[in-house]
Amino acid sequence: MGMLLIPFFDVMALVVDIYFKIVVVEVVVYWLMHFKIISASNKYAVKFVELLKKATEPVYKKIRAKVPPFADFDVAPFILLLGVFFVARMISVLKEMVM
């Protein structure tokens, strides 16, 4: 039975890893646009940011409802990264327990 769960944990770990990377890329692109390294008038950059926001904004809204920004600094991405890292670690531990 345990051997059947290993592929499930592998898929879950992959999904969590991809979401972690999406959040990191969104933070990096936001800062690049903020410091005008990437132009905000670039239609491809705007579409890319919209795509990233569709993946992250629903979770950010839930975090922002509980934790407001500190001195105009949005901590939602960092809290989300910590949560995703925690989930990834739990999946790894569960996989090791099954093996």
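Parameters at a glance
Residues numbered from 1 in each chain as written. Predicted model: local features only at pLDDT ≥ 70, side-chain atom pairs only at ≥ 80, totals over all residues. Heavy atoms only, no water. Helix = DSSP H or I, 4+ residues; strand = E, 2+ residues; numbered from the N terminus. Expected span 1.5 Å × (residues − 1). Buried < 20%, exposed > 50% of the residue type's maximum accessible area, 1.4 Å probe, protein only. Contact = heavy atoms within 4.5 Å. Core = buried A, V, L, I, M, F, W, Y, C linked by side-chain atoms within 4.5 Å. pLDDT = per-residue confidence, 0-100. Phe/Tyr/Trp six-rings, centres within 6.5 Å; stacked < 30°, edge-to-face > 60°.

### Description of helix H1 (residues 2-34)
Helix length check: H1, at 33 residues, gives a terminal C-alpha distance of 48 Å against a target of 48 Å (1.5 Å per residue), a fit within 8%. Within H1, burial applies to Ile6, Phe9, Val16, Val23, Glu26, Val27, Val29 and Met33. Buried residues along H1 sit in contact with helix H2 (43-66) and helix H3 (76-98). Among the residues trailing H1, lysine 36 stands out with phi positive, at a value near 60 degrees.

### Remarks on the nonpolar core
Within the largest apolar cluster, 10 residues are counted, these being Phe9, Val16, Val23, Tyr60, Ile63, Ala76, Leu80, Leu81, Val84 and Ile91. Put simply, the parts of the chain that give this core at least two residues each are H1, H2 and H3. Among the elements that line this core, the one with the most residues is H3, at 5 residues. Once residues within four sequence positions are removed from consideration, alanine 76 is found in contact with Tyr60, Ile63 and Arg64.

### Considering the confidence of the model for the protein chain
Summing up the model confidence of the protein chain, the mean pLDDT is 92 and the portion of residues at 70 or higher is 99%. Here H1 stands out as the least confident element of the protein chain, with mean pLDDT 93; H3 is the most confident, with 95.

### Re the packing of aromatic side chains
Inspection of the entire model under this criterion finds 4 aromatic pairs. Seen in terms of ring centroids, phenylalanine 8 and phenylalanine 9 are 5.7 Å apart; in terms of plane orientation they differ by 55 degrees. Their pairing is tilted. Aromatic pair phenylalanine 73 and phenylalanine 78: ring centres 5.7 Å apart, planes at 20 degrees, arrangement stacked. The structure contains a cluster of three or more aromatic residues connected by ring pairs, namely Tyr30, Trp31 and Phe35.

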